[in-house]
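# Close look at the chain arrangement
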Amino acid sequence: MKKVLIIGATGTIGGAVRETLLNETDDQLTLFARSANRLKASSRETVIAGDVTKDSDLDQAIAGQDVVFVALSGSLGRFAKKIVAAMDRNKVSRLLFITSMGIYDEIPASVGASGNLSSNPMLRTYREAADVVEASDLNYTLIRPGWFTGGPVDYEITKKGEPFGGHDVSINSIADFVKNAIVDNDYYAHDSVGLNAK
């Protein structure tokens, strides 16, 4: 059993990860969200309303956790700096952070190269977050999913420096990967992985 903090618990990926962990593990979850009143906690969950830009809110949520999982949107570079600093302060090392495919210009033309950073400035904030996390001393795994779809667990993994394999991936597949990375602290540790449907 691990203590897992989900930052962005009300989002699509955060919700899927939460459901997978509740159904497939005995982990204790802390759900961190700005709109925490939208969450109904089970007996294995604690809900914290907070702002990811406030050090005191992050410290309250991160203290005592084994794993921090982050699925946010917005000023991700700024959020990543705050989260990494809070994890350092609280001596928590395992970080799983959702970014996006295309941040390393790794999408081949056959998949849709227009989704790369060089042609899509919307990806800049995801790349900024990845750079912050990769420069940290944390035991991180960056997760770069394709476009979210429904469907079963069925995915392939590409590593940083390899061409991305496809343009979509199921939410359930992302949640499965996160579950595996929570179970095993060495699972794609210090790596940035792409997830796409097989």
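Residues numbered from 1 in each chain as written. Predicted model: local features only at pLDDT ≥ 70, side-chain atom pairs only at ≥ 80, totals over all residues. Heavy atoms only, no water.

### Regarding the pattern of salt bridges
By the definition in use, this model includes 11 salt bridges. A salt bridge links Lys-179 to Glu-24; the nearest nitrogen and oxygen atoms lie 2.7 Å apart. Of this pair, Lys-179 sits in helix H5 (residues 171-183) while Glu-24 sits in helix H1 (residues 12-24), placing them 155 residues apart in sequence. Accessibility expressed as a relative area gives 49% for Glu-24, which makes it partly exposed. (Salt bridge = Lys/Arg side-chain N within 4 Å of Asp/Glu carboxyl O. Helix = DSSP H or I, 4+ residues; strand = E, 2+ residues; numbered from the N terminus. Buried < 20%, exposed > 50% of the residue type's maximum accessible area, 1.4 Å probe, protein only.)

### Digging into the layout of surface pockets
By volume, the largest pocket is sized at about 640 Å³. Looking at the largest pocket, it is lined by 32 residues, and the ones nearest its centre are Ala-71, Leu-72, Ser-73, Tyr-126 and Phe-148. Listed by contribution, the elements that provide at least two residues to the lining of the largest pocket are H1, strand S2 (28-33) and strand S7 (147-149). Here the element with the most residues in the lining of the largest pocket is H1; it accounts for 3 residues. Of the residues contributing to the lining of the largest pocket, the split by class is 17 nonpolar, 13 polar and 2 charged. (1 Å grid on protein atoms, 1.4 Å probe; cavity = no way out; pocket = protein on both sides within 12 Å on 5 of 7 lines; lining within 4 Å. Points joined across faces, edges and corners; volume = space filled by probe spheres on them. Nonpolar A, V, L, I, M, F, W, Y, C, P; charged D, E, K, R; others polar.)

### Description of the sheet that holds strand S6 (residues 139-145)
Adjacent strands of a sheet pair through backbone hydrogen bonds, lying either parallel or antiparallel. Spatial strand order, S3-S2-S1-S4-S5-S6-S10-S8: 8 strands in an open sheet with mixed pairing. Single-partner strands in this sheet number two, and they are strand S3 (45-49) and strand S8 (155-159). When the angles between neighbouring strand axes are averaged without regard to direction, this sheet yields 20°. The pairing of strand S5 (residues 94-98) with S6 spans 5 bridges and is classified as parallel. What sits directly across from Phe-97, in S6, is Leu-142. Docked against the sheet, helix H3 (residues 76-89) engages strand S1 (3-7), strand S4 (67-70) and S5, running at close to 170° with respect to S5. (Pairing = 2+ DSSP bridges. Axes fitted to C-alpha atoms, helices over the stretch in contact; angles between N-to-C directions. Contact = heavy atoms within 4.5 Å.)

Honestly, it's all geometry; don't read function into it.
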